[in-house]
Amino acid sequence: MPKLQESNLTETAVPLDTAATRFRAWQEMGFDANRCPVRNVLDFIGDKWSTLILMSLAGGPRRFNEIIRAVPDISKRMLTQTLRSLERDGLVTRHVFPTKPPSVEYRLSQLGRSVLEPLDRLVGWAETHFATITRARQQFDANVIDEATGALTQK
């Protein structure tokens, strides 16, 4: 794995006012869970399996067992469920070849290819900030939350 850069928290890719404006617009629409893109789309694409599977398919079509080898800690059941969900969302296409036994290949659809650029930026952000986030978690976990007051105190 390449050496990761330390995060630079002074740089922001999206102006905060743009994110705030978008959030206010969603609030004005009533924050209907069925129309909210974060809850409806990004929540699923952002899960660890979907992201890794999409990235594995970025290099070209793969068969089921090739994806298992590319994402070694995913179970067959979870891979099957995630591929079905990605296919349902139109991000992945499934191609069955008339062989005995039938062989199946998975590919990114045009929509699936369109998500690679923003996904790559998000993954790059995660790589850049991984050490900072790890330290923040360790610092947080070193404290105890007082159940009565909600205050953080040192262990």
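Cut-offs applied
Residues numbered from 1 in each chain as written. Predicted model: local features only at pLDDT ≥ 70, side-chain atom pairs only at ≥ 80, totals over all residues. Heavy atoms only, no water. Helix = DSSP H or I, 4+ residues; strand = E, 2+ residues; numbered from the N terminus. Buried < 20%, exposed > 50% of the residue type's maximum accessible area, 1.4 Å probe, protein only. Contact = heavy atoms within 4.5 Å. Areas by Shrake-Rupley, 256 points an atom, 1.4 Å probe, with all protein chains shown as cover. Core = buried A, V, L, I, M, F, W, Y, C linked by side-chain atoms within 4.5 Å. Salt bridge = Lys/Arg side-chain N within 4 Å of Asp/Glu carboxyl O. pLDDT = per-residue confidence, 0-100. Expected span 1.5 Å × (residues − 1). Arc of directions from axis to C-beta. Axes fitted to C-alpha atoms, helices over the stretch in contact; angles between N-to-C directions. Parallel < 35°, antiparallel > 145°, perpendicular 65-115°, else oblique. Nonpolar A, V, L, I, M, F, W, Y, C, P; charged D, E, K, R; others polar.

The name that an unreviewed UniProt entry assigns to the protein is Transcriptional regulator, HxlR family, with the source organism given as Paraburkholderia fungorum.

Describe the overall build of the protein, with residues and values.
For the protein, the count of helices and strands is seven helices and five strands. When its helices and strands are written in sequence order, the protein yields α-α-α-β-α-α-β-β-α-α-β-β. Taking all 155 residues of the protein together, 21% fall into the buried category. Once local pairs closer than 6 in sequence are excluded, the contacts in the protein between residues at least 24 apart make up 42%. Accessible surface computed for the protein: about 11,700 Å², of which carbon and sulfur atoms make up 55%.

Could you give an account of the side chain of Ser103, naming the residues involved and the relevant values?
The residue Ser103 is located in strand β3 (residues 103-108) in this model. Residues in contact with Ser103, not counting those within four places in the same chain, are Arg63, His95, Val96 and Phe97.

Any details on the nonpolar core? Residues and values, ideally.
The biggest cluster of nonpolar side chains holds 19 residues, and the ones touching the most others in it are Ile53, Leu54 and Val92. Ranked by the residues each element gives to this core, the list is headed by helix α3 (residues 48-57), at four residues.

Which residues make up the pattern of salt bridges, and what values go with them?
One pass over the structure, following the stated rule, counts one salt bridge. With a shortest N-O distance of 2.8 Å, Arg107 and Glu105 are connected by a salt bridge. What makes Glu105 buried here is its relative accessible area of 18%.

Please give an account of the confidence of the model for the protein that cites residues and values.
Mean pLDDT for the protein: 84, with 88% of residues reaching 70 or above. When mean pLDDT is compared element by element in the protein, strand β1 (residues 62-63) scores highest at 97, while strand β5 (residues 152-154) scores lowest at 73. Across residues 1-12, confidence stays below pLDDT 50; counting only partners more than four residues off in sequence or on other chains, it has 14 contacts.

Please give an account of helix α5 (residues 76-88) that cites residues and values.
Here α5 contains 13 residues, and its C-alpha end-to-end distance of 18 Å stays within 8% of the 18 Å for a straight helix at 1.5 Å per residue. Within α5, the full set of buried residues consists of Leu79, Thr82, Leu83 and Leu86. Along the axis of α5, the buried positions cluster into a sector of 100°, meaning they face one direction only. The exposed set on the far side of α5, more than 90 degrees from its buried face, consists of Arg77, Arg84 and Arg88. After α5 finishes, the residue Gly90 shows a positive phi value of roughly 80°.

Account for the packing of α3 against α5, with residues named and values stated.
At a minimum axis separation of 10 Å, α3 and α5 run at an interaxial angle of 75°. By the criterion of interaxial angle, the relationship of α3 to α5 is roughly perpendicular. Residue-level inspection shows Trp49, Ser50, Ile53 and Leu54 of α3 in contact with α5, the latter providing Met78, Leu79, Thr82, Leu83 and Leu86. Residues of the contact of α3 with α5, tallied by class, amount to seven nonpolar, two polar and no charged.

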